Amino acid sequence: DAGITQSPRHKVTETGTPVTLRCHQTENHRYMYWYRQDPGHGLRLIHYSYGVKDTDKGEVSDGYSVSRSKTEDFLLTLESATSSQTSVYFCAISGQSSGNTIYFGEGSWLTVV
Amino acid sequence: SQQGEEDPQALSIQEGENATMNCSYKTSINNLQWYRQNSGRGLVHLILIRSNEREKHSGRLRVTLDTSKKSSSLLITASRAADTASYFCATDERGSQGNLIFGKGTKLSVKP
C-alpha cells in the first residue's frame with residue numbers, strides 16, 4: 001500500500017451542509033490529487049496540488065475547494081453539498097520517486113440526501 | 001474531457017483464456033498507464049509504457065502502444081478468477097503537468 005489514508009471512508013450528509021474529506025500521505029510525495037468516480041464517467045480530476053499551498057483546478061472543480069497546508073495533508077471541501085456530488089472520491093499521490101505512477105487511496109463514499 | 005476510451009466496456013471469459021482490452025486516446029502523450037480496480041477498492045497501478053516504447057511486459061501482462069494510431073492494448077494471458085476487476089487506461093498528456101486522464105474502464109469477468 002502506498003501510505004495514503006482517506007477519511008471518512010463513508011459519509012451520509014444532507015443537502016446544503018458542508019463536507020470535508022481528508023487525505024493523508026506518509027510518502028512525502030509532492031503531488032496530490034482528488035478524483036471522483038461515477039458510473040459512466042470513469043475517474044475525473046477535481047483538483048490537484050503540486051506543493052504546499054499550490055493547487056489548481058481539474059476537469060470538474062465547480063462546487064469544490066481544496067487546501068494543502070502541509071505536504072502530507074490535502075483536504076477537499078464541499079461548501080454546500082448537493083445530490084450531484086454523491087460519488088466515490090479518491091485521493092491520489094505521485095512524486096519524483098514514483099515516476100509518473102499515481103498511487104490511489106481506498107476511496108471515500110459520500111452520499112448526499 | 002475524456003482522453004482514453006477503453007474497449008470493450010465489458011468482457012467475460014473462462015479461466016485460462018487470454019483477455020485483451022484496448023484503449024484509444026486523442027492527443028499526444030508522454031506515457032500511458034494501465035490500472036486495475038477491484039470492486040469497492042482503489043485503483044492499483046499495473047504498468048506504464050512511455051511514448052517511445054512499443055511493447056512492455058510484466059508477468060502475465062503485455063502492453064502495446066501504437067502512437068500513430070493513438071491506441072494501446074492490455075493483454076492478460078492465462079487469466080484467473082482473481083483477475084476479475086475493472087481495468088482503466090490513463091494518459092499523461094503532454095504539457096498537462098503530469099495529470100492523468102482516465103478512460104471509463106473495461107469490466108473483466110473471469111469465470112472459474
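Residues numbered from 1 in each chain as written. Chains lettered and ligands numbered in written order. Predicted model: local features only at pLDDT ≥ 70, side-chain atom pairs only at ≥ 80, totals over all residues. Heavy atoms only, no water.

1. Describing the side chain of Gln25 of chain A
All names here are of chain A.
Thought 1: Take Gln25: it is sitting in strand 3 (residues 19-25).
Thought 2: Residue Gln25 is classed as buried on the basis of its relative accessible area, which comes to 2%.
Thought 3: Not counting residues within four places of it along the chain, the set of residues in contact with Gln25 comprises Gly3, Met32, Arg68, Thr71, Glu72 and Ile93. (Helix = DSSP H or I, 4+ residues; strand = E, 2+ residues; numbered from the N terminus. Buried < 20%, exposed > 50% of the residue type's maximum accessible area, 1.4 Å probe, protein only. Contact = heavy atoms within 4.5 Å.)

2. With respect to the interface of chain A and chain B
Thought 1: Contacts between the two partners involve 20 residues from chain A, matched on the other side by 21 residues from chain B.
Thought 2: When the two sides are added together, the surface that chain A and chain B hide from each other amounts to roughly 1,700 Å², 47% of it contributed by carbon and sulfur.
Thought 3: Among the salt bridges present, the one from Glu106 of chain A reaches Arg41 of chain B, with a minimum N-O distance of 2.5 Å.
Thought 4: Those elements that provide at least two residues to the side of chain A that touches chain B are strand 4 (31-38) and strand 5 (42-51) of chain A.
Thought 5: Class assignment of the residues belonging to the side of chain A that touches chain B gives a composition of ten nonpolar, seven polar and three charged. (Buried area = accessible area lost by both parts, 1.4 Å probe. Salt bridge = Lys/Arg side-chain N within 4 Å of Asp/Glu carboxyl O. Nonpolar A, V, L, I, M, F, W, Y, C, P; charged D, E, K, R; others polar.)

3. Examining the state of the cysteines
Thought 1: Applying the stated criterion to the full structure yields two disulfides over all chains.
Thought 2: The residue that forms a disulfide with Cys23 of chain A is Cys91 of chain A, at a sulfur-sulfur distance of 1.9 Å. Taking the torsion about the sulfur-sulfur bond, which here is approximately -70°, the covalent link between Cys23 of chain A and Cys91 of chain A counts as left-handed. On the criterion of sequence distance, the pair formed by Cys23 of chain A in strand 3 and Cys91 of chain A in strand 9 (residues 87-94) is long-range, its members being 68 residues apart. This pair shows no difference in class: Cys23 of chain A is buried, exactly as Cys91 of chain A is.
Thought 3: What pairs with Cys23 of chain B in a disulfide is Cys89 of chain B, and their sulfur atoms sit 2.0 Å apart. Measuring the twist about the S-S bond at about 65°, one finds the Cys23 of chain B-Cys89 of chain B disulfide to be right-handed. Pair noted here: Cys23 of chain B is in strand 3 (residues 19-24) and Cys89 of chain B is in strand 9 (residues 85-93), with a separation of 66 residues, a long-range link.
Thought 4: For Cys23 of chain B, a relative accessible area of 1% translates into the label buried.
Thought 5: Given the relative accessible area of 0%, Cys89 of chain B is considered buried. (Disulfide = S-S within 2.5 Å.)

4. Here we look at the sheet that holds strand 3 of chain A
Residue and element names in this part refer to chain A.
Thought 1: The strand order across the open sheet formed by four strands is 1-3-8-7, and the pairing between neighbours is antiparallel. In the strand order of this sheet, the two ends are held by strand 1 (4-7) and strand 7 (64-70), each with one partner. Within this sheet the neighbouring strands show an average axis-to-axis angle of 15°, counted without direction.
Thought 2: Of the strand pairs in this sheet, strand 1 and strand 3 are connected by four bridges, and their pairing is antiparallel. Across the sheet, Gln6 pairs through a bridge with Cys23, a residue of strand 3. (Pairing = 2+ DSSP bridges. Axes fitted to C-alpha atoms, helices over the stretch in contact; angles between N-to-C directions.)

5. Focus: the packing of aromatic side chains
Thought 1: Per the counting criterion, the structure on display carries twelve aromatic pairs over all chains.
Thought 2: Between Tyr31 of chain A and Tyr33 of chain A, the aromatic rings sit 6.5 Å apart at their centres with planes inclined by 20°, giving stacked as the arrangement.
Thought 3: Look at Tyr35 of chain A and Phe104 of chain A: their rings are 5.7 Å apart centre to centre, the planes differ by 45°, and that puts the pair in the tilted class. Taken together, the positions of Tyr35 of chain A in strand 4 and Phe104 of chain A in strand 10 (residues 103-104) put the pair 69 residues apart, joining distant regions of the chain. Each member of the pair, Tyr35 of chain A together with Phe104 of chain A, is buried.
Thought 4: An aromatic cluster of at least three residues, connected via ring pairs, comprises Tyr31, Tyr33, Tyr35, Tyr48, Tyr50, Phe90, Phe104 and Trp109 of chain A together with Tyr35 and Phe102 of chain B. (Phe/Tyr/Trp six-rings, centres within 6.5 Å; stacked < 30°, edge-to-face > 60°.)

6. Points about the side chain of Glu6 of chain B
Residue and element names in this part refer to chain B.
Thought 1: With respect to the element layout, Glu6 can be found in strand 1 (residues 5-7).
Thought 2: Here Glu6 is buried and forms no salt bridge, its nearest opposite-charge partner Lys104 lying at an N-O distance of 8.5 Å.
Thought 3: Within the structure, Glu6 has its side chain in polar contact with the backbone nitrogen of Cys89 (distance 2.6 Å).
Thought 4: At 2.8 Å, the side chain of Glu6 forms a polar contact with the backbone nitrogen of Lys104.
Thought 5: Apart from the residues within four sequence positions on either side, Glu6 is in contact with Asn22, Cys23, Trp34, Tyr87, Phe88, Cys89, Gly103, Lys104, Gly105 and Thr106. (Lys, Arg positive; Asp, Glu negative; His and termini not counted. Polar contact = N/O pair within 3.5 Å; in protein donor to acceptor, adjacent residues only side chain to side chain.)

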